[in-house]
Amino acid sequence: MVAQIKFEKNTIITVFGASGDLAKKKTFPALFGLFAKGYLDPTTKIIGYARSQLTKEDLRARIEPHLKDGNDKQIADFFAMISYVSGDYDKDDGYIKLRNHMEEFEGAKCITQPHRLFYFALPPSVFLSVAKQIKSLVYAENGITRVIVEKPFGRDLESARKLQEDLAPLFKEEEIYRIDHYLGKELVKNILLLRFGNTFLNATWNKESIKSIQVSFKEPFGTEGRGGYFDNVGIIRDVMQNHLLQVLTLLTMERPTTFDPEAVRDEKVKVLKCMAPFDKNNILIGQYGKSEDGTKPSYLDDDTVDPKSKCITFAAINFEIQNERWEGVPIIMRAGKALNEGKVEIRLQFKDVASGVFNDIPNNELIIRIQPNPAIYIKFNAKTPGLSKESQVIDLDLTYATRYKDFWIPEAYEVLIRDTLLGDHSNFVRADELDVSWGLFTPLLNYLEGPDAPQPEIYPYGSRGPKELKEYLAKNKYSIDESRKNYTWPVTKPSNNDE
């Protein structure tokens, strides 16, 4: 039974871009998930805003197929909370209709201090137009205004700063919630408690005990007709500068003085500032080609892609953190499309056992699998049962699908919308954090996309990545235990939160 927790009553949530894919697949389903579990007050008003001429029934038909785990009454009650306003993003007329709609709702409720939340399920090209119109015509002057902005937050340091300069005169920093949905994932949220709430882990979370760290992202599919979009983004912008870097900062930051949102974000910025510029001689880049059996196309087979494109669909990058905790520990971030499996995981490999009685014994590892099937494993060595004196690799296993099967584990967007309603910035990206992160990645991107850009290595669709990957990992101190190839993780039922 889920406790019924009511947040601010009579909040108005306006979803801009309500007719688009993001809104129908993520934003509205997240709002429904919160409502169905009692975490969104039924007095809330939800308004969809887009250019499309839609009726409420049209909007419902788009959204309803994507709602999960609700009964007919909950679905009916949820759609009773929703209305729709059609208007342009850069003209006053639609916003005046929106304002009248809001004031009618607030007047009927006798609300003198409105709480208005605006969700930008929009392309960045219209962010500024919408932001200006909100400030001019629908800003809650005597109440609370909160704005959720979806990534991308620029495409390099210059554009990110320009976006921030444009938004800064319109909204205070505490009113802006830059959403990176990875920060709402259950296993990512668990990192700080896992580190700092367990003495035996915290004591070894440093260069004295850890040999190497990997943060990896693998997708089993290619661009699938979206190559024209991806060609201007690449794997580094798509998932590394944002999602995986957020994970990495939580893994490597120092303990905050408190778990106040700003204390946490302060420590993330501090560790980002300790990261050395990337060594272009210690990176590995690739682009997927045809599968070995010829059934899957290469990246360049996509008609929307420039046939001479050097777009990177796989990258492995070494981070050097120049502080007392991490000096000398290689930290590899790797991500790729069209690989052999879909998985996002963190892998901390501990140092070799002292030589002597246990020569060549495999390294201990802590694995945090973010998706699919969220889990935490500690991989360790134990004696094979019985009369044998041989060792074997086994694991201490916390698999969420088995251990927490009776728990409601919210999806990432549900978590982050709830945090916004509460005014909790812990799991959102701050302006200075964005500035430092783009400052780190922009020189690398300029090199990889410049006139003398290196040619990415072609790897087969459905493979583990470029053939040099194994050598690259070994160069960066990751020990591959060839004698344990047959070791596999337990198979568990996939969760519904694997995106």
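Residues numbered from 1 in each chain as written. Predicted model: local features only at pLDDT ≥ 70, side-chain atom pairs only at ≥ 80, totals over all residues. Heavy atoms only, no water.

1. Quick look at the pattern of salt bridges
So, point 1. For the coordinates displayed, the defined rule picks out 32 salt bridges.
So, point 2. Ionic pairing is found between Asp90 and Lys91, a salt bridge with its closest N-O pair at 3.8 Å.
So, point 3. Overall, Lys91 belongs to the partly exposed group, its relative accessible area being 46%.
So, point 4. One salt bridge in this structure joins Arg178 and Glu173, with 2.8 Å as the shortest N-O distance.
So, point 5. Using a relative accessible area of 3% as the deciding quantity, one classes Arg178 as buried. (Salt bridge = Lys/Arg side-chain N within 4 Å of Asp/Glu carboxyl O. Buried < 20%, exposed > 50% of the residue type's maximum accessible area, 1.4 Å probe, protein only.)

2. Overview of empty space enclosed by the protein
So, point 1. Enumeration according to the criterion identifies two cavities of 30 Å³ or more in this entry.
So, point 2. Roughly 80 Å³ of internal volume is contained in the largest cavity.
So, point 3. Along the walls of the largest cavity sit Phe153, Asp180, Gln241, Asn242, Leu245, Gln246, Leu272, Val429, Glu433, Leu434 and Ser437, which together make up its complete lining.
So, point 4. Where the lining of the largest cavity is concerned, the elements lending two or more residues are α11 (234-252) and α15 (431-449).
So, point 5. If you tally residues by element for the lining of the largest cavity, the top one is α11, at four residues.
So, point 6. Roughly 50 Å³ of volume is contained in the second largest cavity.
So, point 7. Every residue lining the second largest cavity is listed: Val149, Phe153, Ala160, Leu163, Gln164, Leu167, Arg178 and Leu434.
So, point 8. Broken down by element, the lining of the second largest cavity gets its largest block of residues, four residues, from helix α6 (residues 157-167).
So, point 9. Of the residues belonging to the lining of the second largest cavity, the class tally is six nonpolar, one polar and one charged. (1 Å grid on protein atoms, 1.4 Å probe; cavity = no way out; pocket = protein on both sides within 12 Å on 5 of 7 lines; lining within 4 Å. Points joined across faces, edges and corners; volume = space filled by probe spheres on them. Helix = DSSP H or I, 4+ residues; strand = E, 2+ residues; numbered from the N terminus. Nonpolar A, V, L, I, M, F, W, Y, C, P; charged D, E, K, R; others polar.)

3. With respect to unusual backbone geometry
So, point 1. Lys151 connects to Pro152 through a cis peptide bond whose omega is 10°.
So, point 2. Along the chain, Pro152 turns up in the loop between β5 (144-150) and α6.
So, point 3. At the junction of Gln371 and Pro372, the peptide bond is cis and its omega measures out at -10° in the coordinates.
So, point 4. Assignment of secondary structure puts Pro372 in the loop between β12 (365-371) and β13 (375-383).
So, point 5. Unusually for a residue other than glycine, Cys110 sits at a positive phi of about 60°.

4. Description of the sheet that holds strand β8 (residues 283-289)
So, point 1. The strand order across the open sheet built from nine strands is β14-β13-β12-β11-β7-β10-β9-β8-β15, with neighbouring strands paired in mixed fashion. A single partner strand is all that each edge strand has here, and the edge strands are β14 (391-399) and β15 (457-460). Looking at each pair of strands side by side, their axes are set apart by 20° on average, direction ignored.
So, point 2. In terms of strand pairing, β8 meets β15 through four bridges, oriented parallel. When the bridges of β15 are listed, Gly289 appears paired with Pro460.
So, point 3. On top of the sheet, α11 reaches β7 (210-218), β9 (314-319), β10 (331-336), β11 (343-350) and β12; it is set at about 145° to β10, its chief contact. (Pairing = 2+ DSSP bridges. Axes fitted to C-alpha atoms, helices over the stretch in contact; angles between N-to-C directions. Contact = heavy atoms within 4.5 Å.)

5. Some thoughts on the side chain of Ser86
So, point 1. Within the fold, Ser86 resides in strand β3 (residues 82-86).
So, point 2. Of the residues examined, Ser86 reaches a relative accessible area of 12% and is grouped as buried.
So, point 3. Of the polar contacts made by the side chain of Ser86, one reaches the side chain of Gln53; its length is 3.2 Å.
So, point 4. In this structure Ser86 touches Ala50, Arg51, Ser52, Gln53, Gly94 and Lys97, once residues within four positions along its chain are discounted. (Polar contact = N/O pair within 3.5 Å; in protein donor to acceptor, adjacent residues only side chain to side chain.)

6. Concerning the pairing of β13
So, point 1. By the bridge criterion, five bridges tie β12 to β13 in an arrangement that is antiparallel. From the neighbouring strand, Ile368 faces β13, where its bridge partner is Ile376.
So, point 2. Counted along the chain from β12 to the antiparallel partner β13, the turn is three residues long, and its residue Asn373 has a positive phi close to 50°.

7. Quick word on the pairing of β8
So, point 1. Within β8, seven of the seven residues are buried, leaving the element largely enclosed by the surrounding structure.
So, point 2. Alternating positions in β8 separate into two faces, Ile283, Ile285, Gln287 and Gly289 on one and Leu284, Gly286 and Tyr288 on the other, with burial throughout.

8. Quick word on the packing of aromatic side chains
So, point 1. Enumeration over the complete set of coordinates arrives at 22 aromatic pairs.
So, point 2. For the ring pair Tyr49 and Tyr89, a centre distance of 6.1 Å and an interplane angle of 40° mean the geometry is tilted. Of this pair, Tyr49 sits in strand β2 (residues 45-50) while Tyr89 sits in the loop between β3 and α4 (92-108), and the two are 40 residues apart along the sequence. Comparing Tyr49 with Tyr89, the two get one shared label, buried.
So, point 3. Of the aromatic side chains, those joined through ring pairs into one cluster are Phe16, Tyr49, Tyr89, Tyr95, Phe118, Phe120 and Phe127.
So, point 4. Note that Lys135 overlies the ring of Tyr139, its terminal NZ or CZ placed 3.8 Å from the centroid.
So, point 5. The ring centre of Tyr182 lies 5.1 Å from the NZ or CZ of Lys185, which sits over that ring. (Phe/Tyr/Trp six-rings, centres within 6.5 Å; stacked < 30°, edge-to-face > 60°. Lys NZ or Arg CZ within 6 Å of the ring centre and 35° of its normal.)

9. Focus on the sheet that holds β5
So, point 1. With parallel pairing, six strands are arranged side by side in an open sheet as β3-β2-β1-β4-β5-β6. If you trace the sheet from one side to the other, it starts and ends with β3 and β6 (176-179), each paired once. Adjacent strand axes in the sheet meet at a mean angle of 20°, parallel and antiparallel pairs treated alike.
So, point 2. The sheet contacts of helix α5 (residues 127-138) involve β1 (12-16), β4 (115-120) and β5, and relative to β4 the element is tilted by about 165°.

Note that every value here comes from positions in space, so none of it alone points to a role or purpose.
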